[in-house]
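Breakdown of the fold
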Amino acid sequence: MGERIRELGVKDFVKAGLSVAEAIEFDGVLREIVSLCVSSTDIWRQIVTRRLLKPSHPHSFHQLVYYSNYHSSSHASDYADPPLYWFPSLEQAKISNLGRVMEAYGPKLFGASYKDPITSYPLMHKFSVDNPKEYWSIVLKELSVSFIEAPRCILDTSDPSKHGGTWLPGSVLNIADCCLQPGTHPHKPDDSLAIVWRDEECDDSVVNRMTLKQLRQQVMLVASAIDATFSKGDAIAIDMQMTVNAVVIYLAIVLAGCAVVSIADSFAPKEISSRLRVSKAKGIFTQDFILRGGKKFPLYSRVTEATSCKVIVVPVTGDELGVQLREQDISWKAFLSSVSQNGRSGYSPFYQSVDSVTNILFSSGTTGDPKAIPWTQLAPIRSAADGWAAIDIQPGDVYCWPTNLGWVIGPTVLYHCFLNGATLALYHGSPQGRDFGKFVQDAGVTILGTVPSLVKGWKSTQCMEGLDWTKIRAFCSSGETSNVDDDLWLSSKAYYSQIVELCGGTELASSYIAGSPLQPQAFGAFSTASMTTGFVIFGEDGVAYPEGAPCVGEVGLFPLSLGASDRLLNADHDRVYFRGMPTYKRKVLRRHGDIILRTVGGYIIVQGRADDTMNLGGIKTSSIEIERVCDRADKCISETAAVSVAPPSGGPEQLAIFVVLKKGYISNAETLKLKFSKTIQSNLNPLFKVSHVKVVAEFPRTASNKILRRVLRDQMKQELSVKSRL
Ligand SMILES: Nc1ncnc2c1ncn2[C@@H]1O[C@H](COP(=O)(O)OP(=O)(O)OP(=O)(O)O)[C@@H](O)[C@H]1O
């Protein structure tokens, strides 16, 4: 293991971009480390613990060290554990949220079996799955959640038709009020910072700040205005950038006992219209324009094309609107001025049962039409608990995740912050350029959330070079499979901070697999099922593989889950998530549709969606497995998408690979076909044959940037059928 790193010398380091003096110094320390360590993992652990690799070093140098160290351990077997890049320290583990709770409760719960938060993590996880009532009664005390009427119990399983269980029955609360009230545990005084933000094109000005008290006052004012215009229970949409105003409006709608309809600001009128129709929205908050990358894009006009219902229009900059309004619509300023003097002095939150709907979200639609998923007040609690355990969000953290309230991450981030006492950091502009990175630096962001395509862009344009991101103690990544090399780049920007992978679903209000601050981490892999989540991996026969066994198959979630959906507005919930699923220990499993691989050491790698699985010559494989090796087949490749298609004349499925080239590179399908064949045959399976390669300018994606492989598959099918008719 790691023999390649033992062969590296000063010359190699200089070639990878270090100065001679730096290279000599690095070589000296590396030689000492290598002579002391037996395994690649130990070598890497020493390198990162001693902070030998610096954010200022060129990426080529980071690559040289990482890949030389882990070279021979890759592809050792299909189920080998992935290389580790991050390791928890016992000291840190003990002050993490979950570690602290484990130190307090561990000896009582597990007796002499309890050792410490790292060693005993598997025990604690199992406990949370087997005893969700006890786990939740501990965690609820850690979150900023208070009930006006306490729940009768944590979980009631007496109704067999409710596969997911009845959680916190009888309880009454207002979850937005929980976000806005000060508290001592978590530490959330009135003068703590609730939001910090910066407008685009104000990159040299100080970061704006809003305390919890100021946020509460603003939210109450908007909630009073909502009361004056709408009725309790109304669905009210938000189609805006994720600005401070959007966050205030979101919380105000919930505080007023209405339901937010989340619509991403990138949608076309048709998509806006269908979301408003499905949710029966009574009104919509929007902006006159969107400001992104210095350009203004119309938004109000898109919304009016979609609906005749009342639109409340927030100006993108300043106080005045840049558009003429329809008769039924109203400006933000006029809307706020509808509040009487009385209404300005305070507001009584609308307390309602825990299962009332607070938000209607839409899944991204990679497998079909987007599903309209109602979030009750349980979903925010679940989201916050997930962030508490997996991301270890704490008071004092400054948490930034560029997204939109129309994607599950949007509302998730709000609850992550406000129910855990962290500060939300918002950049009012595009996250793709250096300006965003400067905001991250200036705001002192400690947790930065990402999606893989964003990281790919930052790395390839090198726009973040020279910025100081070393306050970041954890990155997060979600939405799509991340790319190992992009993550190597990202993590290196903060001396190899952890990247917490999260994979879940809008309908779960959480992740089902995640990283953990209590376990060593590997790029692009998950180290655990999220707390309280149990699952099995089952084969095509529907039979579950033994617990913990290395295997690959479809995931089936244990059905009991606080915060997971129990209804859909535009589809049959039972049919979508339960019908036709295998049972395990006499309980029907919940469908999630992901194909996952479990390694010998229990790491999990997402292989894609069940519908993206292909059968190549009788061997089942997944798109993502193929793309992982093809992405690295040549320097000219930006990304690849693999699909399989049945030829028009019938017969076995054929493998087709779509390629997007890096800017400024050229290549042709034939050359790439040879390269892909070679790398697939040597890294995956000598029997896999690449039948078609197509270079395209970009991939079709969902509005949230997920590759639509079903569209590529249809496109290839069509091309093949045209060819066969010629
Ligand atoms: N970190 C991640 N790594 C790999 N895949 C991920 C990750 N995060 C999310 N995903 C993928 O996204 C899915 C969840 O996305 P979402 O809830 O928007 O539903 P969707 O499946 O894309 O949409 P629809 O249900 O409408 O088809 C996961 O099941 C998984 O396939």
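Quick caveat: nothing in here was measured; it's all calculated off a predicted structure.

**Remarks on the site of the ligand**
Taken together, the neighbourhood of the ligand is formed by 25 residues, with Ser363, Ser364, Thr367, Lys371 and Lys706 sitting nearest. Within the backbone of Leu502, a nitrogen or oxygen atom sits 2.9 Å from a nitrogen atom of the ligand. Those elements giving two or more residues to the shell around the ligand turn out to be β20 (474–478), β21 (498–505), β29 (590–598) and β30 (604–609). Ranked by the residues each element gives to the shell around the ligand, the list is headed by β21, at five residues. Here the shell around the ligand is composed, by residue class, of four nonpolar, 14 polar and seven charged.

**Some words on the UniProt feature "domain: AMP-dependent synthetase/ligase" (unreviewed entry) in the protein chain**
Here the UniProt-annotated "domain: AMP-dependent synthetase/ligase" (unreviewed entry) positions come out as residues 191–514. Secondary structure within residues 191–514 divides into 34% helix and 26% strand; the distance between the first and last C-alpha atoms comes to 33 Å.

**Quick word on the pairing of strand β18 (residues 423–428)**
Burial runs high along β18: six of the six residues are buried. Of the pairings in the sheet, the one linking strand β5 (residues 193–199) to β18 comprises five bridges and is parallel in character. The partner of Arg198 across the bridge, within β18, is Tyr427. Of the pairings in the sheet, the one linking strand β17 (residues 398–400) to β18 comprises three bridges and is parallel in character. For Tyr399, the partnering residue across the bridge sits in β18 and is Leu424. What joins β17 to β18 is helix α18 (residues 409–418), and the crossover it makes is right-handed.

**Points about the packing of aromatic side chains**
By convention here, two paired aromatic rings are described through the distance between centres and the angle between planes. Inspection of every chain in the model, using the stated rule, returns 24 aromatic pairs. Here Tyr66 and Tyr70 contribute two aromatic rings whose centre-to-centre distance is 5.3 Å and whose plane-to-plane angle is 65°, an arrangement assigned as edge-to-face. Here the residue Tyr66 and the residue Tyr70 both occupy positions in helix α5 (residues 59–70), the gap between them amounting to four residues, near one helical turn. Classification of Tyr66 as buried rests on a relative accessible area of 4%. Ring pairs connect the aromatic residues Trp44, Tyr66, Tyr67, Tyr70, Tyr85, Tyr496 and Phe523, which therefore count as one cluster. In this structure, Lys296 is placed above the aromatic ring of Phe289, and the distance from its NZ or CZ to the ring centre is 4.7 Å. When the ring centre of Tyr67 is taken as origin, the NZ or CZ atom of Arg632, which lies over that ring, is 4.3 Å away.

**Thoughts on the pairing of strand β26 (residues 551–557)**
Of all seven residues that make up β26, six are buried, and the element is covered over most of its length. Pairing between strand β25 (residues 535–538) and β26: four bridges, direction antiparallel. By the bridge assignment for β26, Phe538 is matched with Glu554. Summarising the sheet, β26 and β29 pair through six bridges and their orientation is antiparallel. Each residue of the ladder has a partner; that of Leu557, found in β29, is Arg590.

**Focus on the domain arrangement of the protein chain**
The domains assigned to the protein chain are domain 1 (5–75), domain 2 (172–592) and domain 3 (612–725). Using only C-alpha atoms to locate each centre, domain 1 and domain 2 end up separated by 39 Å. Between domain 1 and domain 2, the contact holds eleven residues from the first and eleven residues from the second. The junction of domain 1 with domain 2 conceals about 1100 Å² of combined surface from both sides, 64% of it contributed by carbon and sulfur atoms. A per-residue breakdown of the area domain 1 buries against domain 2 is headed by Arg51, Pro55 and His59, which together make up 47% of the total. Taken together, the links from domain 1 to domain 2 amount to five residue pairs in polar contact (both at pLDDT 80 or more). Of all the secondary structure elements, the ones that give two or more residues to the side of domain 1 that touches domain 2 are α4 (40–49) and α5.

**Regarding α4**
An α-helix turns once every 3.6 residues. As a result, residues three or four positions apart point the same way. For α4, every residue scored as buried is listed here: Ser40, Ile43, Trp44, Ile47 and Val48. When α4 is viewed along its axis, its buried side chains cluster within an angular range of 125° and face the same direction. Buried residues in α4 make contact with α1 (3–7), α3 (20–36), α5 and β1 (84–86). Positive backbone phi, at 55°, marks Arg51, one or two positions downstream of α4.

**As for the sheet that holds strand β33 (residues 637–645)**
The strand order β33-β34-β35 describes an open sheet built from three strands, whose pairing is mixed. The open sheet is flanked by β33 and β35 (690–695), the only strands paired with a single partner. Between one strand axis and the next, the sheet turns through 25° on average, direction left out of account. Sheet contacts for helix α24 (residues 669–683): β33, β34 (654–661) and β35; angle to β35, the most-contacted strand, approximately 130°.

What counts as what
- Residues numbered from 1 in each chain as written.
- Predicted model: local features only at pLDDT ≥ 70, side-chain atom pairs only at ≥ 80, totals over all residues.
- Heavy atoms only, no water.
- Near = heavy atom within 4 Å.
- Polar contact = N/O pair within 3.5 Å; in protein donor to acceptor, adjacent residues only side chain to side chain.
- Helix = DSSP H or I, 4+ residues; strand = E, 2+ residues; numbered from the N terminus.
- Nonpolar A, V, L, I, M, F, W, Y, C, P; charged D, E, K, R; others polar.
- UniProt positions renumbered as here; feature names shortened; annotations may be inferred.
- Buried < 20%, exposed > 50% of the residue type's maximum accessible area, 1.4 Å probe, protein only.
- Pairing = 2+ DSSP bridges.
- Right-handed = clockwise from strand over helix to strand, strands pointing away.
- Phe/Tyr/Trp six-rings, centres within 6.5 Å; stacked < 30°, edge-to-face > 60°.
- Lys NZ or Arg CZ within 6 Å of the ring centre and 35° of its normal.
- Domains from an automatic or database assignment.
- Contact = heavy atoms within 4.5 Å.
- Buried area = accessible area lost by both parts, 1.4 Å probe.
- Arc of directions from axis to C-beta.
- Axes fitted to C-alpha atoms, helices over the stretch in contact; angles between N-to-C directions.

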